[in-house]
Amino acid sequence: MKSRRTLCIVTALSLLAWVAASAQSLGAVAKQEEARRKSVKAAGKVYTNDSLHTEPGPSTPPAAAAATEPANSQAAPAPAADASADAKKDEASWKKRVATERESLERAKSFAEALQSRINALTTDFTNRADPAQRAQVGNDRQKALAELDRVKKEIEAHTKAIADIQEEARKAGAPAGWVR
């Protein structure tokens, strides 16, 4: 038993000595780094806030844009009036209209997914709360999020319908199908 313990101690000490002998000292590492830095000719490119281009934000946020839209559908006969003007448009204008509507649709879908995640979190939070006042506050927040989700779902339907309408309008105007895909 004693010989086994002695063997373990000797093995451990020899491993420690080997690791200590093979390791570089901090001074040697510092000298190597200094030599490496002297051999580097030019520093890399430095990016600052001034060198980055700023992108303009959206002109109106999605919630504000929906609030400024007319409430009734009779106030928007503009697409029918513009139908004859759109018939003469070229490929770029058709593609731009469809791309804009698809971007709006994707943005609305992303917002709906985020709202659904928030609703799920609020539902979990509501279930885990014992204090009635806190439950009421979380319940109100959840109801607001549900109402907003309903509005966004209607917005998704409107964008989907608008894409279909643009495609139908292009078909009637004789534009190739590839222009509105």
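Residues numbered from 1 in each chain as written. Predicted model: local features only at pLDDT ≥ 70, side-chain atom pairs only at ≥ 80, totals over all residues. Heavy atoms only, no water.

Student: I'd like a rundown of the packing of aromatic side chains, residues and numbers included.
Tutor: Inspection of the entire model under this criterion finds 0 aromatic pairs. Positioned over the ring face of Phe126 is Arg135, at 4.2 Å from the centre of the ring. Over the aromatic face of Phe126 sits the side chain of Arg142, whose NZ or CZ is 4.7 Å from the ring centroid. (Phe/Tyr/Trp six-rings, centres within 6.5 Å; stacked < 30°, edge-to-face > 60°. Lys NZ or Arg CZ within 6 Å of the ring centre and 35° of its normal.)

Student: Residues and numbers for the side chain of His159, please.
Tutor: Topologically, His159 is positioned in helix H7 (residues 132–173). On the basis of relative accessibility, which here comes to 14%, the residue His159 falls in the buried class. (Helix = DSSP H or I, 4+ residues; strand = E, 2+ residues; numbered from the N terminus. Buried < 20%, exposed > 50% of the residue type's maximum accessible area, 1.4 Å probe, protein only.)

Student: Which residues make up the packing of helix H6 (residues 91–128) against H7, and what values do they have?
Tutor: It is the contact of H6 with H7, at a shortest axis distance of 8 Å, that shows an interaxial angle of 160 degrees. The angle between the axes of H6 and H7 places the two elements in the roughly antiparallel class. The chirality of how H6 crosses H7 is left-handed. Residues that form the contact of H6 with H7 fall into these classes: 21 nonpolar, 8 polar and 13 charged. (Axes fitted to C-alpha atoms, helices over the stretch in contact; angles between N-to-C directions. Parallel < 35°, antiparallel > 145°, perpendicular 65-115°, else oblique. Left-handed = near helix turned anticlockwise from the far one by under 90°. Nonpolar A, V, L, I, M, F, W, Y, C, P; charged D, E, K, R; others polar.)

Student: Go over the nonpolar core, please, and point to the residues and values.
Tutor: Ranked by size, the top nonpolar core spans 12 residues in total: Leu105, Ala108, Ala112, Leu115, Ile119, Leu122, Val138, Ala145, Leu149, Val152, Ile156 and Ile163. Broken down by secondary-structure element, the contributors of at least two residues to this core are H6 and H7. The residues touching Ala112, leaving out its near neighbours within four places in the chain, are Leu149, Val152 and Ile156. Judged by nonpolar contacts, the second largest core, of 6 residues, contains Trp94, Ala170, Ala175 and Val180. (Core = buried A, V, L, I, M, F, W, Y, C linked by side-chain atoms within 4.5 Å. Contact = heavy atoms within 4.5 Å.)

Student: A description of the pattern of salt bridges should follow, citing residues and the corresponding values.
Tutor: Under the definition given, this model contains 10 salt bridges. Note that Arg37 is salt-bridged to Glu33, the shortest N-O span being 3.1 Å. Of the two residues, Arg37 and Glu33 are both situated in helix H2 (residues 26–39); the distance of 4 residues between them amounts to about one turn of the helix. The partner of Glu169 in a salt bridge is Arg97, and the shortest N-O contact between them spans 3.3 Å. Taken together, the residues span a long stretch of sequence, with Glu169 in helix H7 and Arg97 in helix H6 at a distance of 72 residues. Residue class for Glu169 comes out buried when judged on its relative accessible area of 15%. A network of salt bridges, in which partner residues are shared, links Glu33, Arg36 and Arg37. (Salt bridge = Lys/Arg side-chain N within 4 Å of Asp/Glu carboxyl O.)

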